[in-house]
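Spelled out, the chains give:
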Amino acid sequence: MPEPNDIHKDELLPMMETLIGQGFIVFVKWTCPQCGERVTSMEPNAFHTGGYRHDDCGFLYTGDMFGIMMMTGFQHETDTASG
């Protein structure tokens, strides 16, 4: 059962493209129909048209409804001054 804020993949893909272009890191989320667990892909900025396998129960989700998790990118400053 999709979450209330999940959207169809046809809407998700352009949204992901826009967010990635703005510098966000995006992860796809879905609800596993077999066990009901909410699952987040560990591969950033990618959408797999062949589906997503839930590692815990083994179900291959090929549905149309997805959510996203967004993170902002950041960089650590490295102090290279010798002292």
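Note that the structure is predicted; figures quoted are calculated from it, not measured. (Residues numbered from 1 in each chain as written. Predicted model: local features only at pLDDT ≥ 70, side-chain atom pairs only at ≥ 80, totals over all residues. Heavy atoms only, no water.)

Let us now look at unusual backbone geometry. Phi is mostly negative for residues that are not glycine, and the peptide bonds are mostly trans. The phi dihedral of N45 is positive, around 55°, even though this residue is not glycine. Looking at the secondary structure, you find N45 in the loop between strand 3 (38-40) and strand 4 (52-53). (Helix = DSSP H or I, 4+ residues; strand = E, 2+ residues; numbered from the N terminus.)

What follows concerns the pattern of salt bridges. Following the criterion strictly, the structure yields two salt bridges and no others. In this structure, D6 engages R38 in a salt bridge whose closest nitrogen and oxygen atoms are separated by 2.6 Å. Of the two residues, D6 is situated in the segment before strand 1 (7-8) and R38 in strand 3; the sequence distance between them amounts to 32 residues. Among the residues examined, D6 registers a relative accessible area of 8% and is labelled buried. (Salt bridge = Lys/Arg side-chain N within 4 Å of Asp/Glu carboxyl O. Buried < 20%, exposed > 50% of the residue type's maximum accessible area, 1.4 Å probe, protein only.)

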